[in-house]
Amino acid sequence: MAVTALLVNARANRLRYLLTQDGNAGTTLTITSTGAATPDLLTDTTNAPGKIRTIAKAFTDGYGAFPAGALNQAQARALWMSDRIAASPGSTEVIMTARCEITPRTGATAPAWNVDANVDGGGHPILSISAQAGAGTAYLDVELEGGAIGA
Amino acid sequence: MATTITLVYAGHNRLRYLVVSDDASAPASIPSVGGPSPDLITDSLAGPIKEIASVKTKGYGVIPVGGITTQAQARALLLSDLGAGPPIAFGQEMVTCTSRLTMRSGGARAFLVDAVRGPVDLATPGITITPLSGSAASAYLDIEVGGAIGA
């Protein structure tokens, strides 16, 4: 696979992954939230229970006004990108949401990194990381929006 | 123009620098030796960033007085990358920093950020900024303790 993610830090309110693009074609990585092998938002918060894990369990337990069950992309973006403009329930729902941020670390011809939230065929939220072809590494932070105490 | 790094905000748990460059051959660094700004000891207020930067003279958590001996330790302290394992590994209850860039002007993702030994004193951790483009670009570099009260 051209893009891989290694969990390097897990706290109650923040996950940090080291992303690696090996330079080959096929430049999209999916981080799931089903309890699958890492990288997976449920699996990776097993030893760091907190709000990130609560959000990752939105499909099974619901979250705030988001009912349990299949979500759509707008709702996934609301939960994981703190982009609530198109989601229902929208920004009037007072709940904590997460955001994703990428900082490149290495790569003389460093690829441009992109991260977005979507859902898989069953409605489970996923994070999609894409990169142009070009060897390099970067850190992906999945964290609570708004600076929660004890990241 | 060489790459310049200018302190624009100093809080107890966050430092913000403005990084400006239009020269891909001119990387710049922020050491931790108490020299002229930019320097993590000089620029930080009392708090965990100063404690981390002073690891050589005061030790920090599992790192004894004498300072760091590997780049992995520098990355653990300044990038919160604990993926290299002992003596800094998951479960160690040490506050660590993250270092992230937000582009202000110029092309997409024109800089790389990494943590290194030195570069002035190899027993101390530092940040290196590598510009990728010969085109003018600027960005904010945040070195911060995530989720701490009082940025």
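As shown above, the structure is provided for reference.
## Digging into the overall build of chain B
And step 1. Within chain B, the secondary structure is distributed over four helices and seven strands.
And step 2. Across the 151 residues that make up chain B, the buried fraction comes to 50%.
And step 3. Residue pairs in contact within chain B that sit at least 24 positions apart in sequence constitute 59% of those at least 6 positions apart.
And step 4. About 6000 Å² of surface is accessible on chain B, with carbon and sulfur atoms providing 58% of the total.

## Some thoughts on the overall build of chain A
And step 1. From N to C terminus, chain A includes three helices and seven strands.
And step 2. Of the regular secondary structure in chain A, the N- to C-terminal order runs β-β-β-α-α-α-β-β-β-β.
And step 3. Across the 151 residues of chain A, 52% fall into the buried class.
And step 4. Restricting the contact set of chain A to residue pairs at least 6 apart, pairs at least 24 apart contribute 60%.
And step 5. About 6000 Å² of surface is accessible on chain A, with carbon and sulfur atoms providing 53% of the total.

## Remarks on the sheet that holds strand E3 (residues 28-31) of chain A
Residues and elements named next belong to chain A.
And step 1. The three strands lie next to each other as E3-E6-E5, forming an open sheet whose pairing is antiparallel. The strands lining the two open edges of the sheet, one partner per strand, are E3 and strand E5 (113-119). When the angles between neighbouring strand axes are averaged without regard to direction, this sheet yields 25°.

## Structural notes on the pattern of salt bridges
And step 1. Per the stated rule, a full pass over the model turns up 16 salt bridges over all chains.
And step 2. A salt bridge links Asp81 of chain B to Arg105 of chain A, with the nearest nitrogen and oxygen atoms 3.4 Å apart. Highlighted residues: Asp81 of chain B in the loop between helix H4 (71-79) and strand E4 (98-105) and Arg105 of chain A in strand E4 (residues 98-106), drawn from two different chains. Here the two residues Asp81 of chain B and Arg105 of chain A agree in accessibility, since each one is buried.
And step 3. Taking the shortest distance from any N to any O, the salt bridge between Asp114 of chain B and Arg75 of chain B comes out at 2.7 Å. Placement of the pair is Asp114 of chain B in strand E5 (residues 111-117) and Arg75 of chain B in helix H4, with a sequence separation of 39 residues. Comparing Asp114 of chain B with Arg75 of chain B shows no difference in burial state: the two are buried.
And step 4. Ionic contacts of the salt-bridge type, sharing partners, join the residues Arg14, Arg16, Arg99, Glu101, Asp141 and Glu143 of chain A together with Arg100 and Glu144 of chain B into one network.

## A word on the environment of Thr32 of chain A
Residue and element names in this part refer to chain A.
And step 1. By secondary structure assignment, the location of Thr32 is in the loop between E3 and helix H1 (51-56).
And step 2. On the basis of relative accessibility, which here comes to 21%, the residue Thr32 falls in the partly exposed class.
And step 3. In sequence terms Thr32 and Tyr17 are 15 residues apart; their C-alpha atoms lie 13 Å from each other.
And step 4. Among residues more than four places away in sequence, those in contact with Thr32 are Pro39, Asp40, Leu41, Pro125 and Ile126.

About the cut-offs
Residues numbered from 1 in each chain as written. Chains lettered and ligands numbered in written order. Predicted model: local features only at pLDDT ≥ 70, side-chain atom pairs only at ≥ 80, totals over all residues. Heavy atoms only, no water. Helix = DSSP H or I, 4+ residues; strand = E, 2+ residues; numbered from the N terminus. Buried < 20%, exposed > 50% of the residue type's maximum accessible area, 1.4 Å probe, protein only. Contact = heavy atoms within 4.5 Å. Areas by Shrake-Rupley, 256 points an atom, 1.4 Å probe, with all protein chains shown as cover. Pairing = 2+ DSSP bridges. Axes fitted to C-alpha atoms, helices over the stretch in contact; angles between N-to-C directions. Salt bridge = Lys/Arg side-chain N within 4 Å of Asp/Glu carboxyl O.

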